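# Structural features, examined
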Amino acid sequence: MLPTDPTWYKNAIFYEVYVRAFKDSNGDGHGDIHGLVEKLDYLKELGVDCLWLLPIYPSPLKDDGYDISDYCSIHPDYGSLEDFKRLLEETHRRGMRLITDLVMNHTSDAHPWFQAARSDRHSPYRDYYVWSNDDRQYSQARIIFLDTEKSNWTWDPLAGQYFWHRFYACQPDLNFDAPAVQAEMLRVVDFWLGFGVDGFRVDAVPYLFEREGTNCENLPETHAYLKTLRRFVEEKYPGRLLLCEANQWPQDVRAYFGEDDEFNMAFHFPLMPRVFMALKQGDRTPITWALEQTPPIPENCQWATFLRNHDELTLEMVSPEERQWMWAQYSPEMRMRLNLGIRRRLAPLLDNDRRKIELAYSLIFSLPGAPFLYYGDEIGMGDNIHLPDRNGVRTPMQWEDAPGAGFTSASVPYIPVIQADPYSAGSVNVAGQKADPASLWHSLRAMIALRKRYPALRSGELTWIPCPHPAVAAYLRRSNADQVAVIQNLSVKPVPVELPFENSSAELTDLITGHVVPVQNGRLKITLRPYEYLWLV
Ligand code: BGC
């Protein structure tokens, strides 16, 4: 049933699932694995090829599961290993794949390794973590969770030493200098790949090692270990995916592909905020700039592109001036901000303006890279900025206009369903949008289907079509089999354009609307409506 191409990920459509938020099958107010199984047909219908599940392991949930207390088991809220086996079978039966989150950098402080390590200096687990008698080492390492953490060191009275952590203090970093830790992580990888998962989104990759006098990111030791990891996967489980989360500049991320001997894919963090910049400025320059900074990658590797995810819209990969500008434009209220980012969903960021939302998707679905959708963004779900941390973008999936949004029969879900219009479950839900052929859901589904039908859109070479007007992002995607011209107006104003086309006289058809656009004497002349996008063949 599964396509056999070992580089399947290059052309896949990914969908990020927060299991807790997706579908509650047993009425306890928490989404679960059975619930997700019920919704696999929905994902198939949308055109999803691969699911990425946020952490599903036992955890005290102080960082929503990114604080793992047992790597090889399932959180009881979600179900059992047997349930997970069934999820994999049902996913595969539908020709889809599934990757899970692999959090290598740190564990929860509730993990038995940490508990053993802190209680006994002579425990074999002591060396699993990074300890110090003072808090002065590695002072060049930045603090990532700026709003809550004051230091990367926390004093543990039981251990009688400080321990190192790049994220919350409840997430002690593992010590990758310890051979036992390196081996443990390969065991975890072996366990899940042996179980049948199709790969991992590897969390917080740049921070595995620490070295004095550096910023403790992207170190050569980290790359060396990742090569070992890749070799292990490649030899025992060829065709599985390793996807890198490194929130870094393109040249630094480039190193994580290596010579196709580290990761198969990596998220493109610098491109994402620049889509929002370009839309607000009505100017393609931020996008062309990000792509110019993007070095070529090995043939079998691929960028993972996205508009939003489960975290804040990170502004780490912009200049300080750009960050201030983005904050002012996109998060006028202070509580919309978090650390170096903006904790809002796609639709509210884009003023719930259908034209802008579709245009953003048009960019991400027609530029190079494999696109990732964040659950709920396919129907334009809203957020709840009154919830703490990043919970506001992790609210229950809105399936129908019903109490509990068709997500749960419980009267109190894990966090409230969005109540306020225009984003309430009554106004924004899957059932309503599926029944309405003019809905966002249908537009997105059509775009996904087109991307699958036209190889040029997935893997074609990209050539920019010269256009003097800065609001126009126009490019040709060309494969051996076909070519598609994508023409987009990023501005709120109508823009007349005249673009050169090789075929001196031809008729181009817009794949989106079916409208015919004439080319005369090698020129395409058209006035683009505000935020209009055309996919022409
Ligand atoms: C994840 C976050 C998480 C952090 C620490 C990230 O990069 O995306 O959600 O809080 O890693 O594990």
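This one's a predicted model, so the numbers in the text were calculated from it and none came from an experiment.

## Description of the pairing of strand E6 (residues 161-164)
Pairing of strand E4 (residues 131-132) with E6, which is carried by two bridges, proceeds in the antiparallel orientation. In the sheet register, Trp-131 faces E6, and the bridge partner there is Phe-163. The pairing of strand E5 (residues 153-156) with E6 spans four bridges and is classified as antiparallel. Bridging from a neighbouring strand, Trp-155 pairs with Tyr-162 of E6.

## Some remarks on helix H9 (residues 271-281)
Structural remark: α-helix, 3.6 residues per turn; residues separated by three or four positions point the same way. Burial analysis of H9 places nine of its eleven residues in the buried class, which makes it a mostly covered element. Of all the residues in H9, the buried ones are Leu-271, Met-272, Pro-273, Arg-274, Val-275, Phe-276, Met-277, Ala-278 and Leu-279. The inward-facing, buried residues of H9 abut helix H10 (285-292), strand E10 (302-306), strand E11 (313-314), helix H11 (320-330), helix H12 (346-349) and helix H13 (354-366). Phi turns positive one or two residues past the end of H9, at Gly-282, with a value near 60°.

## Looking at the packing of aromatic side chains
For the structure on display, the rule yields 45 aromatic pairs. Aromatic pair Phe-22 and Trp-399: ring centres 5.1 Å apart, planes at 75°, arrangement edge-to-face. Of the two residues, Phe-22 is situated in helix H1 (residues 19-22) and Trp-399 in the loop between strand E14 (370-374) and helix H14 (430-435); the sequence distance between them amounts to 377 residues. When its relative accessible area of 1% is taken as the criterion, Phe-22 is described as buried. For the ring pair Phe-114 and Tyr-129, a centre distance of 4.9 Å and an interplane angle of 80° mean the geometry is edge-to-face. Of this pair, Phe-114 sits in helix H5 (residues 112-119) while Tyr-129 sits in the loop between H5 and E4, and the two are 15 residues apart along the sequence. With respect to burial, Phe-114 and Tyr-129 carry one shared label: buried.

## A word on the site of the ligand
Contacts to the ligand come from 13 residues, most closely from Asp-63, Asp-203, Glu-245, His-310 and Asp-311. Between an oxygen atom of the ligand and a side-chain N or O atom of Glu-245, the distance comes to 2.5 Å. In this structure, His-310 approaches the ligand through a side-chain N or O atom, which is 2.9 Å from an oxygen atom. Within the complex, the protein chains bury 96% of what would otherwise be the 310 Å² of accessible surface of the ligand. Looking at side-chain class alone, the shell around the ligand contains three nonpolar, three polar and seven charged residues.

About the criteria used
- Residues numbered from 1 in each chain as written.
- Predicted model: local features only at pLDDT ≥ 70, side-chain atom pairs only at ≥ 80, totals over all residues.
- Heavy atoms only, no water.
- Pairing = 2+ DSSP bridges.
- Helix = DSSP H or I, 4+ residues; strand = E, 2+ residues; numbered from the N terminus.
- Buried < 20%, exposed > 50% of the residue type's maximum accessible area, 1.4 Å probe, protein only.
- Contact = heavy atoms within 4.5 Å.
- Phe/Tyr/Trp six-rings, centres within 6.5 Å; stacked < 30°, edge-to-face > 60°.
- Near = heavy atom within 4 Å.
- Polar contact = N/O pair within 3.5 Å; in protein donor to acceptor, adjacent residues only side chain to side chain.
- Areas by Shrake-Rupley, 256 points an atom, 1.4 Å probe, with all protein chains shown as cover.
- Nonpolar A, V, L, I, M, F, W, Y, C, P; charged D, E, K, R; others polar.

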